[in-house]
Amino acid sequence: MTGTARTTRSTPVMSRRIVFSGLGALGVAAALAGCAGGDDGGDGGASVESGAELASTSEVPVGGGIVLADEGVVITQPTEGEFKAFTSTCTHEGRTVTSVDGDTIQCAHHGSSYSATTGAVQGGPAPEALATVEITVKDGKILAA
(Lines give C-alpha, C1' and ligand atoms only; values in the text may rest on other atoms or scores of the structure.)
Protein backbone atom coordinates (compact mmCIF):
# COMPACT_ATOMS: atom_id res chain seq x y z
CA MET A 1 0.00 0.00 0.00
CA THR A 2 1.42 3.21 -0.96
CA GLY A 3 0.97 6.08 1.32
CA THR A 4 0.16 9.55 0.33
CA ALA A 5 1.91 12.33 2.01
CA ARG A 6 -0.32 14.96 3.27
CA THR A 7 1.08 18.45 3.20
CA THR A 8 -0.39 20.96 5.51
CA ARG A 9 0.00 24.53 4.54
CA SER A 10 0.01 27.09 7.17
CA THR A 11 -1.49 30.35 5.96
CA PRO A 12 -0.70 33.31 8.15
CA VAL A 13 -3.83 34.69 9.70
CA MET A 14 -3.96 38.22 10.98
CA SER A 15 -6.19 38.60 13.93
CA ARG A 16 -7.70 41.88 14.98
CA ARG A 17 -5.45 41.80 18.03
CA ILE A 18 -2.32 41.71 15.85
CA VAL A 19 -3.59 44.50 13.61
CA PHE A 20 -4.54 46.76 16.50
CA SER A 21 -1.28 46.04 18.33
CA GLY A 22 0.65 47.03 15.20
CA LEU A 23 -1.40 50.20 14.77
CA GLY A 24 -0.85 51.06 18.42
CA ALA A 25 2.91 50.63 18.07
CA LEU A 26 2.86 52.80 14.95
CA GLY A 27 0.93 55.49 16.83
CA VAL A 28 3.43 55.46 19.70
CA ALA A 29 6.33 55.74 17.23
CA ALA A 30 4.66 58.70 15.51
CA ALA A 31 4.03 60.42 18.84
CA LEU A 32 7.64 59.96 19.92
CA ALA A 33 8.91 61.27 16.60
CA GLY A 34 6.71 64.33 17.07
CA CYS A 35 8.19 64.99 20.51
CA ALA A 36 11.73 64.76 19.21
CA GLY A 37 11.41 67.55 16.69
CA GLY A 38 11.14 71.27 17.25
CA ASP A 39 9.12 73.96 15.64
CA ASP A 40 12.16 75.53 14.03
CA GLY A 41 12.88 72.74 11.57
CA GLY A 42 16.57 72.88 12.42
CA ASP A 43 19.05 70.93 14.45
CA GLY A 44 18.63 73.00 17.57
CA GLY A 45 21.36 75.47 16.73
CA ALA A 46 21.41 78.97 15.37
CA SER A 47 20.84 79.21 11.64
CA VAL A 48 22.89 82.28 10.76
CA GLU A 49 26.09 82.77 8.82
CA SER A 50 29.15 84.35 10.31
CA GLY A 51 29.05 88.11 9.85
CA ALA A 52 25.28 88.25 9.41
CA GLU A 53 23.62 91.19 11.13
CA LEU A 54 21.29 89.93 13.83
CA ALA A 55 20.03 93.17 15.38
CA SER A 56 21.01 96.67 16.28
CA THR A 57 22.15 97.32 19.84
CA SER A 58 19.21 99.72 20.32
CA GLU A 59 16.74 96.85 19.73
CA VAL A 60 17.95 94.92 22.79
CA PRO A 61 16.76 96.47 26.06
CA VAL A 62 19.13 96.72 29.01
CA GLY A 63 18.14 94.07 31.54
CA GLY A 64 16.14 92.21 28.89
CA GLY A 65 16.46 90.80 25.43
CA ILE A 66 14.87 89.76 22.15
CA VAL A 67 14.06 86.41 20.56
CA LEU A 68 14.98 86.11 16.87
CA ALA A 69 13.02 82.98 16.02
CA ASP A 70 13.89 82.96 12.30
CA GLU A 71 17.61 83.14 13.09
CA GLY A 72 17.37 80.69 16.00
CA VAL A 73 18.98 83.18 18.41
CA VAL A 74 18.02 85.01 21.60
CA ILE A 75 20.09 88.11 22.41
CA THR A 76 20.20 89.63 25.86
CA GLN A 77 21.79 92.71 27.42
CA PRO A 78 22.21 91.88 31.12
CA THR A 79 24.00 95.18 31.81
CA GLU A 80 24.43 98.20 29.57
CA GLY A 81 26.83 97.44 26.73
CA GLU A 82 27.15 93.72 27.60
CA PHE A 83 25.45 91.53 24.98
CA LYS A 84 24.97 87.77 25.21
CA ALA A 85 23.50 85.39 22.65
CA PHE A 86 22.17 81.85 22.94
CA THR A 87 20.32 79.44 20.73
CA SER A 88 16.60 80.13 20.98
CA THR A 89 15.78 76.42 21.00
CA CYS A 90 14.49 75.19 24.36
CA THR A 91 16.36 72.07 25.46
CA HIS A 92 13.16 70.44 26.73
CA GLU A 93 11.37 69.67 23.46
CA GLY A 94 13.19 71.76 20.88
CA ARG A 95 10.61 74.52 20.64
CA THR A 96 11.56 78.17 20.31
CA VAL A 97 11.77 80.10 23.58
CA THR A 98 9.06 82.72 23.76
CA SER A 99 10.39 85.81 25.55
CA VAL A 100 12.98 87.50 27.72
CA ASP A 101 11.61 88.85 30.98
CA GLY A 102 14.24 90.77 32.92
CA ASP A 103 17.12 88.40 33.60
CA THR A 104 15.19 85.30 32.52
CA ILE A 105 14.70 83.70 29.10
CA GLN A 106 11.25 82.08 29.15
CA CYS A 107 9.82 79.13 27.25
CA ALA A 108 6.07 79.36 27.79
CA HIS A 109 5.40 76.03 26.06
CA HIS A 110 6.17 73.94 29.17
CA GLY A 111 7.54 76.43 31.71
CA SER A 112 11.30 76.16 31.25
CA SER A 113 13.39 79.21 32.10
CA TYR A 114 17.04 80.12 31.59
CA SER A 115 19.49 82.75 32.81
CA ALA A 116 19.74 85.69 30.41
CA THR A 117 23.39 86.04 31.43
CA THR A 118 24.64 82.45 31.16
CA GLY A 119 21.87 80.43 29.47
CA ALA A 120 21.81 78.08 32.48
CA VAL A 121 18.55 76.36 33.40
CA GLN A 122 16.67 78.20 36.14
CA GLY A 123 13.49 76.14 36.19
CA GLY A 124 11.09 73.84 34.44
CA PRO A 125 11.65 70.57 32.63
CA ALA A 126 14.60 71.76 30.52
CA PRO A 127 17.46 69.26 30.98
CA GLU A 128 20.37 71.52 30.02
CA ALA A 129 21.45 75.09 29.35
CA LEU A 130 20.93 76.98 26.12
CA ALA A 131 23.98 76.80 23.87
CA THR A 132 26.01 79.99 23.54
CA VAL A 133 26.01 81.70 20.15
CA GLU A 134 29.14 83.70 19.36
CA ILE A 135 28.47 87.34 18.44
CA THR A 136 30.41 90.54 17.90
CA VAL A 137 29.23 94.09 18.39
CA LYS A 138 30.43 96.69 15.90
CA ASP A 139 29.13 100.18 15.10
CA GLY A 140 25.85 99.63 16.90
CA LYS A 141 25.19 96.30 15.20
CA ILE A 142 25.15 92.81 16.66
CA LEU A 143 26.70 90.34 14.23
CA ALA A 144 27.02 86.56 14.22
CA ALA A 145 30.67 85.71 14.80
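Structure: see above.
Not measured: the values here are computed from a predicted model. (Residues numbered from 1 in each chain as written. Predicted model: local features only at pLDDT ≥ 70, side-chain atom pairs only at ≥ 80, totals over all residues. Heavy atoms only, no water.)

## Here's the deal with the overall build of the chain
Link 1 in the chain: A tally of helices and strands in the chain yields 1 helix and 10 strands.
Link 2 in the chain: In sequence order, the secondary structure elements of the chain are arranged as α-β-β-β-β-β-β-β-β-β-β.
Link 3 in the chain: Looking at the chain residue by residue over its 145 residues, the buried ones come to 28%.
Link 4 in the chain: Restricting to contacts in the chain with at least 6 residues of sequence separation, those with at least 24 account for 44%.
Link 5 in the chain: Of the roughly 9,100 Å² that the chain leaves accessible, carbon and sulfur atoms contribute 52%. (Helix = DSSP H or I, 4+ residues; strand = E, 2+ residues; numbered from the N terminus. Buried < 20%, exposed > 50% of the residue type's maximum accessible area, 1.4 Å probe, protein only. Contact = heavy atoms within 4.5 Å. Areas by Shrake-Rupley, 256 points an atom, 1.4 Å probe, with all protein chains shown as cover.)

## Some points on the pattern of salt bridges
Link 1 in the chain: Summed over the entire model, instances satisfying the criterion amount to 2 salt bridges.
Link 2 in the chain: When the shortest N-O distance is used, the salt bridge between K141 and E53 registers 3.8 Å. Linking K141 in strand β10 (residues 141–144) with E53 in strand β1 (residues 53–56), this pair joins segments that are 88 residues apart in sequence.
Link 3 in the chain: In this structure K141 comes out as partly exposed when scored by relative accessible area, which is 38%.
Link 4 in the chain: Measuring nitrogen to oxygen at the nearest pair gives 3.7 Å for the salt bridge that ties K84 to E82.
Link 5 in the chain: Among the residues examined, K84 registers a relative accessible area of 28% and is labelled partly exposed. (Salt bridge = Lys/Arg side-chain N within 4 Å of Asp/Glu carboxyl O.)

## Focus: the sheet that holds strand β8 (residues 121–123)
Consider a sheet: its strands pair through backbone hydrogen bonds, and that pairing is either parallel or antiparallel.
Link 1 in the chain: Spatial ordering of the open sheet is given by β5-β6-β7-β8, a layout of 4 strands whose pairing is antiparallel. A strand with exactly one partner marks an edge of an open sheet, and here the two such strands are β5 (99–101) and β8. With direction set aside, neighbouring strand axes in the sheet form an average angle of 35°. (Pairing = 2+ DSSP bridges. Axes fitted to C-alpha atoms, helices over the stretch in contact; angles between N-to-C directions.)

## Remarks on the pairing of strand β2 (residues 64–68)
Link 1 in the chain: Across the 5 residues that make up β2, a large majority, 4, are buried.
Link 2 in the chain: Relative to strand β3 (residues 73–79), β2 runs antiparallel, the two sharing 5 bridges. Bridge assignment links V67 to a residue of β3, and that residue is V74.
Link 3 in the chain: Between β2 and β3, which pair antiparallel and follow one another directly, the connecting turn spans 4 residues, one of which, G72, has a positive phi of 75°.

## Looking at the pairing of strand β7 (residues 112–115)
Link 1 in the chain: Here strand β6 (residues 104–107) pairs with β7 via 4 bridges, running antiparallel. Among the inter-strand pairings, T104 is bridged to a residue of β7, identified as S115.
Link 2 in the chain: Hairpin connection from β6 to β7: 4 residues lie between these consecutive antiparallel strands, with G111 at a positive phi of about 90°.
Link 3 in the chain: As paired strands, β7 and β8 are joined by 2 bridges and run antiparallel to one another. The residue bridging S113 from the neighbouring strand is G123, located in β8.

## Focus on the nonpolar core
Link 1 in the chain: Among the nonpolar cores identified, the biggest contains 13 residues, and L54, I75 and I142 are the most heavily contacted of them.
Link 2 in the chain: Discounting chain neighbours no more than four positions away, the residues touching I75 are L54, A55, V60, G64, G65, I66, L68, F83, K84, A85 and I142.
Link 3 in the chain: In terms of nonpolar packing, the next biggest core, distinct from the first, is built from 11 residues, V100, I105, C107 and A126 among them. (Core = buried A, V, L, I, M, F, W, Y, C linked by side-chain atoms within 4.5 Å.)

## Things to note about the side chain of T76
Link 1 in the chain: Mapping T76 onto the fold places it in strand β3.
Link 2 in the chain: In this structure the side chain of T76 is engaged in a polar contact, spanning 2.6 Å, whose partner is the backbone oxygen of A116.
Link 3 in the chain: Non-local contacts of T76, meaning those with residues more than four positions away in its chain, are made with V60, G64, G65, E82, F83, K84, F86, V100, I105 and A116. (Polar contact = N/O pair within 3.5 Å; in protein donor to acceptor, adjacent residues only side chain to side chain.)

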